[in-house]
Amino acid sequence: MKNQMSVFLLLVALLGTTADIVLKYVQLGGSVTLDPPAVTGEGRWYYIWYFGNTEIASSNSLGGSTTKDTNVLMSKDKLTIKNVSQDYFGMFYCKELENARITYRILQLHVSKSSESPVLSGESLTLECRAETLKGLAKPQIHWLDQRGAKVEGSGNSHTIAAATVQDNGQWTCVVTSHGTVSKGEISVSVAGFSTPASDDQYTSNVLPLAIPCSISTHIPWEQIKAMGVQGGSWDFFPKTDSGLLSVAPQRIFTLSLGESARWQAGDVDTGLISTSDFKMGDLSLTRSRGREGDAGNYVCRLEFNRGRSLEKTVRVHVLQIVSSPGTELVAGQTANLTCGLGVPLPSHLRLKWVPPRDSPPRPLLADGGPALLRITADLGDSGKWRCELWRNHTKEATAEITLRIESRQSVWMLVIICSAAAIGFLLMLLLFICWQRRQRMRHPRHRLCKCENPKPKGFYRT
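Now for a look at the structure at hand. Predicted, not measured: the structure shown is a model, and the values here were computed from it.

What counts, and where the lines are drawn
Residues numbered from 1 in each chain as written. Predicted model: local features only at pLDDT ≥ 70, side-chain atom pairs only at ≥ 80, totals over all residues. Heavy atoms only, no water. Helix = DSSP H or I, 4+ residues; strand = E, 2+ residues; numbered from the N terminus. Buried < 20%, exposed > 50% of the residue type's maximum accessible area, 1.4 Å probe, protein only. Contact = heavy atoms within 4.5 Å. Core = buried A, V, L, I, M, F, W, Y, C linked by side-chain atoms within 4.5 Å. Pairing = 2+ DSSP bridges. Phe/Tyr/Trp six-rings, centres within 6.5 Å; stacked < 30°, edge-to-face > 60°. Disulfide = S-S within 2.5 Å.

## Structural notes on the overall build of the protein chain
Secondary structure assignment for the protein chain yields 3 helices and 32 strands. For the protein chain, the proportion of its 463 residues judged to be buried stands at 38%. Sequence-distant contacts, at least 24 apart, represent 57% of the contacts inside the protein chain between residues at least 6 apart.

Listed below in structure tokens is the structure:
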């Protein structure tokens, strides 16, 4: 250290001011790249790099280079120090044969956070950035870049994320500016929370599977989540009532069992949903092969931690369905109303589209607003599957289907005639059977003559 200070003082004397020294800030374990002095012209050059008063590397324009330290790399004329340890904080300078030189002072940059373990979504996290300063020099300017690389306005040495979310996960950067030189240090921010899709709305129908997503930030393993103090968890269902409102009384679908291996246990209500959970990957989702009308409502995924902390995610499930009035079996020429919708008025960003059977005659199809009402005069070509599609901009969110059966009027009248003829024939056969029964009774009367040995004459006789 004394040798470095003596070299530093010597260089200050030679150069006249510390302003001629380029300051570089680097974290422990990081790397730093130093540029050689600029050389005028395109002639040959030969650089010698020193750390303090010890030569550590050299390079020349012919492509030759040597290094005397395993952590020092030469790339053409640049010097890179990797895996910087405490021993590398000090003075470096580069000398060229024509006496061009540049001097660097490597200073330590301390970047830290208030919690080394992941924080739960909603909790606060403070980031600290401290840059070593030299006596007589102004303090460097410091600001932060978030995980997207955007400057955090108003940030300085310290920046507090008041309510962290999973969107804050990633590498945050501390930017240090000193005498025109910019140095950077990084720190990883880890927030444990439920991954949030673009929308918490899920759509299903009688021909689509039902998926209810719920997963923890993928970069945080379940074992680490357990170490944060998981106490339990649950899946609750708030069904949508006939009035379109949500029930205030939740139905418990699953309860989290924390044994040797975490798993979901069936709750009080069987909805037919199954868990595809892979707890090692933080996936707590539910699914079923087909949606049902009664699936509409809110599903709440919840994890409970010690000290009253919790994570909660709500998934809103909407069921697209088609209703036909008076029914699905119609007669050609009969009027029918087909209604497609979610049971509530559609928001402005959603629209409906009807897709009739291939042989259906052309007709205007109402597909905007509300539940879409389509009034048709049934045609034989309308037999088959009618499809209603729910679209968000250019993305199809869900599809529902209904099958109509259309009979011609002629076939209906033929059916009436056949049924009438069968009824008349039955009545004639019944009449003939009754007549035959009467004839049989006339031939074989029920009252027969008495065949007693001494029959008594009827009436009164005089003796």
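What follows continues from the structure just given.
## Quick notes on the nonpolar core
Ranked by internal contacts, the top residues of the largest apolar core, which has 30 residues, are Ile212, Ile225, Trp235 and Leu303. Where this core is concerned, the elements lending two or more residues are β18 (210-212), α2 (222-227), β19 (230-239), β20 (251-258), β21 (262-266), β24 (297-305) and β25 (310-319). Among the elements that make up this core, the one with the highest residue count is β24 (4 residues). Not counting residues within four places of it along the chain, the set of residues in contact with isoleucine 225 comprises Ala192, Ile216, Ile220, Val230 and Phe305.

## Comments concerning the sheet that holds β18
Overall, antiparallel pairing links the 3 strands, which are arranged β18-β23-β22 in an open sheet. Edge strands, defined here as strands with exactly one partner in the open sheet, are β18 and β22 (274-275). Both β22 and strand β23 (residues 286-288) contribute to a ladder of 2 bridges, which runs antiparallel. If you follow serine 275 over to β23, its bridge partner there is leucine 286.

## Considerations on the packing of aromatic side chains
Summed over the entire model, instances satisfying the criterion amount to 10 aromatic pairs. Consider the rings of phenylalanine 51 and phenylalanine 92, whose centres lie 4.4 Å apart with planes at 25°: the pair is stacked. A residue pair is termed long-range when its members are at least 10 positions apart, and phenylalanine 51 in strand β3 (residues 46-51) and phenylalanine 92 in strand β8 (residues 91-96) qualify at 41 residues. Grouping residues by exposure puts phenylalanine 51 and phenylalanine 92 together as buried. Relative to tryptophan 386, the ring of tryptophan 354 lies with its centre 6.4 Å away and its plane at 75°, an arrangement referred to as edge-to-face. Remark: tryptophan 386 occurs in strand β31 (residues 384-392) and tryptophan 354 occurs in strand β29 (residues 350-355); sequence separation between them is 32 residues. Considered together, tryptophan 354 and tryptophan 386 belong to a single accessibility category, that of buried residues.

## Describing the state of the cysteines
Two cysteines form a disulfide when their sulfur atoms are joined by a covalent bond. Throughout the structure, instances matching the rule amount to 3 disulfides. For cysteine 129, the disulfide goes to cysteine 174, at an S-S distance of 1.8 Å. Disulfide cysteine 129-cysteine 174: the torsion about the S-S bond is -65°, which places it as left-handed. Of this pair, cysteine 129 sits in strand β11 (residues 125-131) while cysteine 174 is found in strand β14 (residues 170-178), placing the two residues 45 residues apart along the sequence. Since its relative accessible area comes to 0%, cysteine 129 is described here as buried. Owing to a relative accessible area of 0%, cysteine 174 belongs among the buried residues under this scheme. The side chain of cysteine 214 participates in a disulfide bridge whose partner is cysteine 301; the two sulfur atoms lie 2.4 Å from each other. Taking the sign of the S-S torsion, about -75° here, the bridge from cysteine 214 to cysteine 301 comes out left-handed. Linking cysteine 214 in the loop between β18 and α2 with cysteine 301 in strand β24, this pair joins segments that are 87 residues apart in sequence. Using a relative accessible area of 1% as the deciding quantity, one classes cysteine 214 as buried. Accessibility expressed as a relative area gives 0% for cysteine 301, which makes it buried.

## Some details on unusual backbone geometry
Put simply, serine 325 and proline 326 share a cis peptide bond, and its omega is 15°. Here proline 326 is to be found in the loop between β26 (321-325) and β27 (329-331). In this model, arginine 307 sits at a positive phi of 60°, which is unusual for a non-glycine residue. Residue position: arginine 307 is located in the loop between β24 and β25. At asparagine 393, a residue that is not glycine, the phi angle is positive and equals roughly 55°.

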